[in-house]
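Single-letter residue listing:
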Amino acid sequence: MLNIPNIVTPEEEDAFFKLISENVKRIRKEKKMSQLEVALSIGQKAPGFYANMENYAHGKHFNLSHLFRIAKLFDVSIEEFFK
């Protein structure tokens with residue numbers, strides 16, 4: 001049998017996704033953009049799904065493609081979402 005270690009706890013993972021969501025939301029507000037504008041700009045057809053990701057609701061979170069596109073849209077380094 002393989003001995004697969006637990007690398008992170010569910011709480012650590014939640015905190016990581018919440019940090020990213022909070023930073024995306026903060027920067028979006030600084031750029032004075034609506035959730036709808038950002039959602040449509042990154043190719044999301046459903047602004048509600050974007051809102052869930054931005055608020056880390058129902059376990060929805062941004063993936064790397066989302067973060068790459070949002071960073072380009074906001075004209076910031078992708079690293080800003082992880083600080």
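Before any of the text, the structure's been laid out above.
Figured I'd write up the structure that's included with this text. Computed from a predicted model, the values in this text were never measured in an experiment.

Let's talk about unusual backbone geometry
Phi is positive for Y56, close to 45 degrees, though the residue is something other than glycine. Relative to the elements of secondary structure, Y56 occurs in the loop between α3 (47–54) and α4 (64–74). You will see that D75, though not glycine, has its phi angle at about 55 degrees, which is positive. You can call D75 exposed: its relative accessible area is 68%.

A short note on the side chain of H66
Relative to the elements of secondary structure, H66 occurs in helix α4. Residue H66 is classed as buried on the basis of its relative accessible area, which comes to 10%. A polar contact of 3.2 Å, which involves the side chain of H66, links it to the side chain of Q44. For H66, the contacting residues outside a window of four places in its chain are I42, Q44, M53 and H61.

A word on the packing of aromatic side chains
Geometry of an aromatic ring pair is reported as the spacing of the ring centres plus the angle between the planes. This structure, assessed with the given rule, holds four aromatic pairs. Between F16 and F17, the aromatic rings sit 5.7 Å apart at their centres with planes inclined by 55 degrees, giving tilted as the arrangement.

What counts and what doesn't
- Residues numbered from 1 in each chain as written.
- Predicted model: local features only at pLDDT ≥ 70, side-chain atom pairs only at ≥ 80, totals over all residues.
- Heavy atoms only, no water.
- Helix = DSSP H or I, 4+ residues; strand = E, 2+ residues; numbered from the N terminus.
- Buried < 20%, exposed > 50% of the residue type's maximum accessible area, 1.4 Å probe, protein only.
- Polar contact = N/O pair within 3.5 Å; in protein donor to acceptor, adjacent residues only side chain to side chain.
- Contact = heavy atoms within 4.5 Å.
- Phe/Tyr/Trp six-rings, centres within 6.5 Å; stacked < 30°, edge-to-face > 60°.

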